[in-house]
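Chains, contacts and geometry: an overview
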Amino acid sequence: MKYAQLLLPFIAVFALGCEKSAPVGEKAATLHLATIASEEPIDLQGAGATFPYPLYSKWIAEFQKVDPRVRINYQSIGSGGGIRQIVERTVDFGASDATMSDEELAKTPGKLLHIPMTLGAVVVTFNLPEVAQLRLSRQLVAAIFLGEIKEWNDPRLAKLNPGARLPAKPLTVVYRSDGSGTTAVFTEYLSSISAAWKERVGAGKSVKFPVGLGAKGNEGVAGQIKTSAATIGYVELAYAKQTALSYAAIENRAGNFIEPELKTITASAASTAGEMPDDLRLSIVDAVGADAYPIAAYSYILVYQNQRDALKGKALARFLWWAVHEGQRFGPSLHYAPLPVEAVSKIERKLRSLSYKGTSLLDDKK
Amino acid sequence: MRFTVGRESDERDAGRLRLWPAAIGAEVNLGDRLFRILTAAFAALIVLMLAAMAIQMTRASALSLSRFGFGFLVGTDWDPVRESFGALPFIYGTIASSLLALIIAVPISLAIAIYLSELSAAPVRRSLGFVVELLAAIPSVVFGLWGVFVLAPLLRDRIEPALVPFFGGTANGFDLLAAAIILAIMILPTISSVSRDVMAAVPKSQREGALALGATRWETVRVAVLPSARSGIVGAIILGLGRALGETMAVTMVIGNRGEISLSILDPSYSMAAVIANEYTEATGELHLAALSEITLLLFIVTLALNAAARFLVWRVARLPGEKNRL
């Protein structure tokens, strides 16, 4: 036993050495040998979005049980930081709520893939002690955040919510002051439903809001809304659930008022899966489905198609494969909507294209 | 932290400075020379670090410097979507919140310092002094949370509605006033404890002299203590100002984070440190990053400039003849 352990590194080195000179056909087999021979832990570094962090932490802990050798470290430094780090190749994978633009992708040192991992939603949350339920039409959401609705008892609001006792109080908008994927998704939604918003404000992680107060982080927005009556703002669904904030039902493209729930969010993704382009970058705000909640988005992991390290690349490919399949069942309890099956088949094809020196990193059986 | 007080210590310092090089020249000791070179190198490191930071920040903001030039300083539009960047609202917010904090904190701090060093009984002095210093050890995020959950609702519901007729603006609770109050509380322990130390260092004979001439307690403080402690007190205020200018977390949690200049202290504002902390982590556009770097550079310059101005003030004040009882 002892001797075998002593020999292991040499076997591994020998195997890797062979691999250099081996003809193409034998490469996969040699790679396999190297994987088996190594008892060393494989460390993967990831960094990026804060939104999926609770889910990724859960996945990392669970995947450890699937493959104890793989140790994954994920730093939730924000999507922007995740993109910067993967472009600099200081991490093995990045994570971002927003997709990278063509311009940004042109500057990367290798072909970077977007892998959708989970779904999130942004909810319009409000604090009116007298009102339990609120319905907002497409025009009204835009009008509120453009600052066109000044009082809660505005006739347009009252007409949509006949039962609600709307107070004669000034309406205060609260927005995220820090750059965030939440703001990116929300402003993208507003830009897609309102020409006025698109022209005056636009979409992005940090935008110039026409009215309101800025609060830092989901917790800041939730805190301000919770402590001040007559406020309205937007936070991630999970955050609104955890802090027991009220949120509005939003009119979708089909004209139905939809509450944000895991199944209505997945419905958004499912109804648009057919439009998913080959590079998987897809905005699903204002989706077409009859029961689709309109402010939803994919959260992505960013990986290089051509991995530079066979062992790490293989571990990463297997982790991602596991996460979009078995991993999805850990989502709902943490308020992350599972990916629709229509999207998963496209993601599978993409994951198979992950390679090391031209050889796919996933076994054929998958 | 000690500030030189009174003539006696000045002379002692000067004497030591004269003796020191002579002592080194006299004994040619390798250890001493090495020690001197080593300490000098560490001292030089400070200067080098400042220079390296300035160079790095200038480099990082090159794109923004060339695109906007001087207009960056006076521009009032900050729109990352349209890549239009102007820093004036942030410069205004930083300076206004810090100065307002000083206006609130300085009189209170001086009152605390005078009470602790001149008027209180020894047990009170020790325990109260300890509590004041304890206040300085509280992390800023704690002040920020207290601001969000206690101060802002209090301001919004009870205090600001009464102020709106005088100052304009709206009673939101998240505004320049809230930021200034939080900052004032945060710099209070710094200013009061340093001022107290400085006053305590004023020689007892000066107080006794004033009392012997028939001065009341207040007159003694005014005539014998404050003038001698003057430069030290200004030093304490500078320390407080430094903390206020750079404070990020507590400010961003209560200032309202709106990049607009309003003359009302009841309107939301934004500070340089806050916009950097808010937007840097998620910024991906090159121009946006460069503009944020330029804000960093500006904060660096504003802090240095205000500190230099305050030091100049100390120097001027210290040169004024002590007999005139001016603070």
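Residues numbered from 1 in each chain as written. Chains lettered and ligands numbered in written order. Predicted model: local features only at pLDDT ≥ 70, side-chain atom pairs only at ≥ 80, totals over all residues. Heavy atoms only, no water.

**A word on the interface of chain A and chain B**
Test applied: By definition in these notes, contact holds between two residues if any of their heavy atoms fall within 4.5 Å. A simple way to read buried area is as the amount of 1.4 Å-probe accessible surface that goes missing from two parts once joined, with both sides added. Basic side-chain nitrogens of Lys or Arg form a salt bridge, by our definition, when they fall within 4 Å of a carboxyl oxygen of Asp or Glu. For the purposes of these results, a polar contact is taken to be a pair of N or O atoms within 3.5 Å, where, inside protein, one atom must be able to donate a hydrogen and its partner to accept one; residues adjacent in sequence count only when each atom of the pair is a side-chain atom. Comment: elements are numbered from the N terminus, with helices defined as DSSP H or I runs of at least four residues and strands as E runs of at least two. Three classes are used, and their members are as follows: Ala, Val, Leu, Ile, Met, Phe, Trp, Tyr, Cys and Pro are nonpolar, Asp, Glu, Lys and Arg are charged, and the others, Gly among them, are polar.
Tallying the contact residues gives 38 residues for chain A and 31 residues for chain B. For the pair chain A and chain B, the summed buried area comes to about 2400 Å², and 46% of that belongs to carbon and sulfur atoms. If you sort the residues of chain A by the area they bury against chain B, Arg84(A), Lys208(A) and Lys216(A) come out on top, with a joint share of 24%. One salt bridge connects Asp77(B) with Lys208(A), and the closest N-O pair in it is separated by 2.3 Å. Taken together, the connections running from chain A to chain B amount to 24 residue pairs in polar contact (both at pLDDT 80 or more). Ranked by residues supplied to the side of chain A that touches chain B, first place goes to helix H4 (residues 79-87) of chain A with five residues. Its residues assigned to classes, the side of chain A that touches chain B comprises 11 nonpolar, 17 polar and 10 charged.

**What about the nonpolar core?**
Residues and elements named next belong to chain A. The line we're drawing: Think of a nonpolar core as a cluster: buried Ala, Val, Leu, Ile, Met, Phe, Trp, Tyr and Cys residues, connected wherever their side-chain atoms sit within 4.5 Å. Only protein chains enter the accessibility calculation, which uses a 1.4 Å probe. A residue is then buried if its area is under 20% of the maximum for its type, exposed if over 50%, and partly exposed in between. What fixes the domain bounds is an automatic or database domain assignment.
With 104 residues, the main nonpolar core has Leu-136, Phe-145, Trp-152 and Tyr-298 as its most contacted residues. Per-element tally for this core: the top contributor is helix H13 (residues 310-324), with 10 residues. Taken domain by domain, this core gets at least three of its residues from each of domain 1 (3-120 + 298-360) and domain 2 (121-275). Contacts of Leu-136, omitting those with residues within four sequence positions, involve Val-124, Val-141, Ile-144, Leu-157, Leu-160, Ile-232, Ala-248, Ala-249, Ile-250, Glu-251 and Phe-257.

**Remarks on helix H12 (residues 262-272) of chain A**
For H12(A), the full list of buried residues reads Thr264(A), Ile265(A), Thr266(A), Ala267(A), Ser268(A), Ala269(A) and Thr272(A). Where H12(A) is buried, its residues meet strand S4 (112-127), helix H11 (237-242), strand S11 (257-258) and strand S12 (296-304) of chain A.

**Overview of the layout of surface pockets**
Which entries qualify depends on this criterion: Two kinds of site are reported from a 1 Å grid over the protein atoms alone, namely cavities, where a 1.4 Å probe fits but cannot get out, and pockets, open sets with protein on both sides within 12 Å along at least five of seven lines, and residues are called lining when an atom falls within 4 Å of a point. Grid points are joined across faces, edges and corners, and a volume is the space filled by probe spheres set on the points.
Taken as a whole, the largest pocket encloses approximately 1200 Å³ of empty space. Lining the largest pocket are 41 residues; nearest its centre among them are Ser101(A), Glu104(A), Lys205(A), Thr284(B) and Gly285(B). When residues of the lining of the largest pocket are traced back to their parent elements, those giving at least two are H4, helix H5 (102-106), helix H8 (181-193) and S12 of chain A together with helix H3 (62-68) and helix H13 (286-319) of chain B. Counted by class, the lining of the largest pocket contains 20 nonpolar, nine polar and 12 charged residues.

**Section: unusual backbone geometry**
With a phi close to 50 degrees, Lys357(A) is a non-glycine residue in the positive phi region. Along the chain, Lys357(A) falls in the loop between strand S14 (355-356) and strand S15 (359-360). At Glu83(B), a residue that is not glycine, the phi angle is positive and equals roughly 55 degrees. Looking at the element boundaries, Glu83(B) is found in the loop between strand S1 (78-79) and strand S2 (84-85). Here Glu83(B) falls in the partly exposed class, since its relative accessible area comes to 35%.

**A closer look at the packing of aromatic side chains**
The test is simple: Only the six-membered ring of Trp is used, alongside the rings of Phe and Tyr, when aromatic pairs are assigned; centres must lie within 6.5 Å, and planes under 30 degrees apart are stacked while those over 60 apart are edge-to-face, with the rest tilted. Ring-over charges, as used throughout, are those where CZ of Arg or NZ of Lys falls within 6 Å of the ring centre and within 35 degrees of the ring normal.
Scanning the entire structure with this criterion turns up 22 aromatic pairs over all chains. Geometrically, the ring pair formed by Phe68(B) and Phe85(B) is edge-to-face, given 6.1 Å between the ring centres and 85 degrees between the ring planes. Taken together, the residues Phe68(B) in helix H3 and Phe85(B) in strand S2 connect sequence positions 17 residues apart. Cluster of aromatic residues (ring-pair linked, three or more members): Phe145(A), Tyr175(A), Phe186(A), Trp197(A), Phe209(A) and Tyr234(A). For Arg135(A), the ring lying beneath its charged end belongs to Phe257(A), and the centroid distance is 4.1 Å.

**Some thoughts on empty space enclosed by the protein**
Residue and element names in this part refer to chain A. Under the criterion given, the structure shown has two cavities of 30 Å³ or more. Forming the walls of the largest cavity are Phe-51, Asp-97, Gly-120, Ala-121, Val-122, Gly-181, Thr-182, Val-185, Glu-236, Ala-297, Tyr-298 and Ser-299. Split by residue class, the lining of the largest cavity holds six nonpolar, four polar and two charged.

**With respect to the sheet that holds strand S13 (residues 306-307) of chain A**
All names here are of chain A. Spelled out, the test is: At least two bridges found by DSSP between two strands are what make those strands a pair.
As summarised here, the arrangement of the three strands in space is S13-S14-S15, forming an open sheet in which the pairing is mixed. The strands lining the two open edges of the sheet, one partner per strand, are S13 and S15. In this sheet, S15 lies alongside S14 in antiparallel orientation, the contact comprising two bridges. In the strand pairing of S15, Tyr-356 is matched with Thr-359.

**A closer look at the domain arrangement of chain A**
All names here are of chain A. Segmenting chain A into domains produces domain 1 (3-120 + 298-360) and domain 2 (121-275). Taken together, the 19 residues of domain 1 in the interface contact 14 residues of domain 2. For the pair domain 1 and domain 2, the summed buried surface comes to about 1300 Å²; carbon and sulfur atoms form 68% of the total. Three residues stand out in domain 1 for area buried against domain 2, namely Phe-51, Gly-120 and His-335, and they jointly supply 35% of the buried area on that side. For the pair domain 1 and domain 2, the interface holds zero salt bridges. Seen at the junction of domain 1 and domain 2, the total is two residue pairs in polar contact (both at pLDDT 80 or more). When residues of the side of domain 1 that touches domain 2 are traced back to their parent elements, those giving at least two are H4, S4 and helix H14 (341-352). Classifying every residue of the side of domain 1 that touches domain 2 by side-chain character gives 12 nonpolar, four polar and three charged.

**Here's the deal with the pattern of salt bridges**
All names here are of chain A. This structure, assessed with the given rule, holds 22 salt bridges over all chains. The salt bridge involving Glu-261 is made with Lys-263; its shortest N-O contact spans 3.0 Å. Shared partners join several salt bridges into a network, and the residues in it are Lys-58, Glu-62 and Lys-65.

**Overview of the confidence of the model for chain A**
For the record, the criterion: Each residue carries a pLDDT value, the predictor's own confidence for that position, ranging from 0 to 100.
The pLDDT averaged across chain A works out to 87; a share of 89% of its residues lies at or above 70. Contacts for the low-pLDDT stretch residues 6-37 of chain A, under 50 throughout, to residues beyond four places or in other chains number 23 contacts.

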